[in-house]
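A closer look at the structure
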Amino acid sequence: VAKDKGMSVYQFYNQELEDSLSEKMELENGMRNAVEAGQLYLEYQPKVDPHTGEPVGFEALVRWNHPEKGFISPAKFIPLAESTGLIIDIDMWVFREACRQTKAWQDGGLMSLPVSVNLSAKHFGQVPLVDNIRQILQETGLEGKFIRIEITESVFIRKLDDVIEILKQIRDMGIGVSIDDFGTGYSSLNQLQRLPISVVKLDRNFIENADRDRRKSSVVRAVIELAHSMDLKVVAEGIETEQERSFFAGLNCDELQGYYFSKPLSKERFERYIQSRNEREV
Ligand code: C2E
Ligand code: MG
Ligand code: MG
Ligand code: MG
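Structural notes, computed from the coordinates. Nothing here was measured: the structure is a model prediction, and the numbers come from that model. All residue numbers here refer to positions counted from 1 along the written sequence of the relevant chain. The naming scheme follows written order: chains are lettered A onward, ligands numbered 1 onward. Reporting of local features is limited, given that this is a predicted model, to residues whose pLDDT is at least 70; pairs of side-chain atoms are given and counted only at 80 or more, and all residues count toward the totals for whole chains, interfaces and linings. Hydrogens and water molecules were not included; the side-chain quantities draw on all heavy atoms of the structure.

Another aspect to go through is the side chain of Ser217. Summarising the element assignment, Ser217 is placed in helix α8 (residues 214-229). According to the relative accessible area criterion, Ser217 is buried, its value standing at 11%. Beyond its immediate chain neighbours, meaning those up to four positions away, Ser217 contacts Ala210 and Phe247. Put simply, DSSP H or I for four residues or longer makes a helix, DSSP E for two residues or longer makes a strand, and each gets a number counted from the N terminus. Burial classes follow relative accessibility: with a 1.4 Å probe on protein chains only, a residue under 20% of its type's maximum area counts as buried, one over 50% as exposed, and anything between as partly exposed. By definition in these notes, contact holds between two residues if any of their heavy atoms fall within 4.5 Å.

See below:
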C-alpha cells in the first residue's frame, strides 16, 4: 500500500511539474512575438502629493493581453522574460511607448507630469542601455527631466563600478533614478549611497500595518529620516487605506502611490482622471 501511495504521489508530482514546464515554454514562445504582434499595452498609476492627493507623476506598468489566455500578470511573465533575455526588448518597448505617450499628453496640453518606467537589472550587463535610451529620447522628443527609471536592489549583483557609470550617464540626460521595492532585498541605505540615485520607493511590505505595528513604524520612521538626510526623496507604494495615507504623510514622505488613490488605469481612464483634476483646478 505504501509503495502504491508513493507511486501515485510521484506520478502526480511529475505531471504537475510537466504541466508547469510546458506552460512556461508556451508562455516563452508566445512572448517572443508579443511585442511585434502588439499584444503588450501600458497602464498608468498616479503618484500623488501626500497632503493634497493631487497627482505629481505616474508609473507606466506593462500588461500582456495573450490571444488565448487573456490577461497575464507582469508578476508572472516579467520573471520569465528575465530568464530568457526577452526582457530587454520588452522594457525598451515599454520605455519608448511611455515616452511617446507622455510627449503626446504634453503636446495635447493634458499635463506635463513625469513618467516612471521600470527597468530590469539585466540592462546593466552588456546591452547598450545608454545608447538605447538616448535614441528613444531623440525619436520621441521627450526631455529626460520628465522621466524617472525604477530599478531594484538586484542591480547590486552586477559590477558596481559599471552600474554607477551607466547611472551617471543616465542622470546626465536629466533622467531621475529610483530604487524600487526598497526593503525586499538585502541592500542598506548605506550601500545605496554609492549609487547616483534620487529616490527610494518603499515596498508595500514596509507600508502594511506600519500605522499599527510599533516596531515596524519605528523602522519605517528611521529609514525615511535617513533617506532624507541623504537628500533622497521617499515614495511609499501600495497605500491602501486612509490610515496608511495619514501615517506616511505625517512622516513627510514625498510621494504616495497605491489603490487608495487609484489603481493602474488604462490610457482612456487615466486621461479622464487627469482631466477631472485639471477641471477642479480652474
Ligand atoms: P512595481 O514596479 O513595484 O509596481 C508596483 C506594483 O504594485 C504594480 O503591480 C501595481 O499595480 C501594484 N500596486 C500598486 N498599488 C498597490 C496597492 O495599493 N496594493 C497592492 N497590493 N498592490 C499595488 P503590477 O502592475 O502587477 O506589476 C508588478 C511588477 O512587475 C512591478 O512591480 C514591476 O516589478 C514589474 N513590472 C511591471 N511593468 C514592468 C516593465 O515594464 N518592466 C519591468 N522590467 N518590470 C515591470
Ligand atoms: Mg516600479
Ligand atoms: Mg515596487
Ligand atoms: Mg515590485
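So that's the structure; there's more coming.
Time to look at the coordination of the magnesium ion (ligand 3). Listed donors are limited to N, O and S atoms within 2.8 Å of the metal, widened to 3.2 Å for Na, K and Ca; water is not among them, so incomplete-looking sites are possible. Taken together, Asp180 (OD), Asp181 (OD) and Glu237 (OE) make up the protein donors of the magnesium ion (ligand 3), found 1.8 to 2.2 Å from the metal. In the primary sequence, the donor residues of the magnesium ion (ligand 3) line up as D-D-x55-E. A separation of 4.2 Å is found between the magnesium ion (ligand 3) and the magnesium ion (ligand 2), both of which receive a donor from Asp180. Of this pair, Asp180 sits in strand β6 (residues 176-182) while Glu237 sits in strand β8 (residues 233-237), and the two are 57 residues apart along the sequence. On the basis of relative accessible area, Glu237 is assigned to the buried category, the value being 14%.

Before going further, it helps to examine the packing of aromatic side chains. Stacked, edge-to-face and tilted are the three classes for Phe, Tyr and Trp ring pairs, Trp counted by its six-membered ring, which pair at centre distances within 6.5 Å; planes under 30 degrees apart are stacked, over 60 edge-to-face, the rest tilted. Overall, the coordinates contain 11 aromatic pairs when judged by the stated rule. Arranged with centres 5.0 Å apart and planes meeting at 70°, the rings of Tyr44 and Trp105 form a pair that is edge-to-face. One end of the pair, Tyr44, is in strand β1 (residues 40-48); the other, Trp105, is in helix α3 (residues 87-107), and 61 residues separate them in sequence. Ring centres of Phe58 and Trp105 lie 5.7 Å apart, and the angle between their planes is 70°; on these two criteria the pair is classed as edge-to-face. With Phe58 in strand β2 (residues 55-66) and Trp105 in helix α3, the pair connects residues that are 47 residues apart, well separated along the chain. Ring pairs connect the aromatic residues Tyr44, Phe58, Trp105, Phe270 and Tyr273, which therefore count as one cluster. The criterion for a charge sitting over a ring is simple: Lys NZ or Arg CZ within 6 Å of the ring centre, and within 35 degrees of the ring normal. Of note, Lys263 hangs over the ring of Tyr259, and the distance from its end group to the ring centre comes to 4.7 Å.

With that out of the way, let us pick up the pattern of salt bridges. The working definition used for a salt bridge is a side-chain nitrogen of Lys or Arg within 4 Å of a carboxyl oxygen of Asp or Glu. With the rule as written, the count across this model stands at 21 salt bridges. Lys103 is paired through a salt bridge with Asp107; the nearest N and O atoms lie 2.9 Å apart. Separated by 4 residues within a single helix, Lys103 and Asp107 lie in helix α3, roughly one turn from each other. Judged by its relative accessible area of 56%, Asp107 falls in the exposed class. With a shortest N-O distance of 3.3 Å, Lys201 and Glu237 are connected by a salt bridge. A residue pair is termed long-range when its members are at least 10 positions apart, and Lys201 in strand β7 (residues 199-202) and Glu237 in strand β8 qualify at 36 residues. For Lys201, a relative accessible area of 0% corresponds to the buried category.

Glancing now at the site of ligand 1. Of all residues adjacent to ligand 1, which total 22 residues, the nearest are Arg63, Asp91, Asp180, Glu240 and Tyr259. Note that an oxygen atom of ligand 1 is positioned 2.8 Å from one of the backbone N or O atoms of Tyr259. Only the protein chains shown count as cover for residues, and all accessible areas are computed by the Shrake-Rupley method using a 1.4 Å probe. Here ligand 1 loses 81% of its free accessible area of 800 Å² to cover by the protein chains. Cavities and pockets were defined on a 1 Å grid built from protein atoms only: a cavity is a group of points that admits a 1.4 Å probe but offers it no way out, a pocket is an open group of points flanked by protein on both sides within 12 Å along at least five of seven lines, and a lining residue is one with an atom within 4 Å of any such point. Assignment of a molecule to a cavity or pocket requires that more than half of its atoms lie within 2 Å of the corresponding grid points. Because more than half of its atoms lie within 2 Å of the grid, ligand 1 is assigned to the largest pocket. Only β2, α2 (74-84), α3 and β6 provide two or more residues apiece to the shell around ligand 1. When we say a residue is near a molecule or strand, we mean one of its heavy atoms is within 4 Å of it. In protein, a polar contact means a hydrogen-donor-capable atom and an acceptor-capable atom, both N or O and within 3.5 Å, with residues adjacent in sequence counting only if both atoms are side-chain atoms; elsewhere, any N or O pair within 3.5 Å suffices.

This part covers the layout of surface pockets. Grid points are joined across faces, edges and corners, and a volume is the space filled by probe spheres set on the points. Its volume calculated, the largest pocket comes out at about 1,000 Å³. Along the walls of the largest pocket sit 37 residues, with Glu59, Leu61, Asn118, Asp180 and Asp181 positioned nearest its centre. Elements represented by at least two residues in the lining of the largest pocket include exactly β2, α2, α3, β5 (147-152) and β6. In the scheme used here, Gly and all other residues not listed as nonpolar or charged are polar, with Ala, Val, Leu, Ile, Met, Phe, Trp, Tyr, Cys and Pro taken as nonpolar and Asp, Glu, Lys and Arg as charged. A class-by-class count of the residues in the lining of the largest pocket yields 16 nonpolar, 8 polar and 13 charged.

Its 15 residues place the ends of helix α10 (residues 267-281) 21 Å apart at the C-alpha level, agreeing with the 21 Å of an ideal helix rising 1.5 Å per residue. Taken as a whole, α10 has its buried residues at Phe270, Tyr273, Ile274 and Arg277. Axial view of α10: buried residues confined to an arc of 90°, hence all on one face. Away from its buried face, by an angle of more than 90 degrees, α10 presents the exposed residues Arg269, Arg272 and Glu279. A helix is expected to span 1.5 Å multiplied by its residue count minus one. Along the arc lie the directions from the helix axis toward the C-beta atoms.

Taken together, the buried positions of helix α9 (residues 242-250) are occupied by Glu244, Arg245, Phe247, Phe248 and Ala249. Buried-residue contacts for α9 involve β7, α7 (204-207), α8, β8 and β9 (255-257). Residue Asn252 follows α9 closely and has a positive phi angle near 65°.

Note that soluble globular proteins tend to have their nonpolar side chains buried in a common cluster. Working definition of a nonpolar core: buried Ala, Val, Leu, Ile, Met, Phe, Trp, Tyr and Cys residues. They are joined through side-chain atoms within 4.5 Å. Counting 84 residues, the largest nonpolar core has Ile170, Leu195 and Phe248 as its most contacted members. When residues in this core are grouped by element, the largest group, 9 residues, is from α3. With residues up to four places along the chain from it excluded, the contact list for Ile170 reads Leu129, Val130, Ile133, Ile149, Ile175 and Val177.

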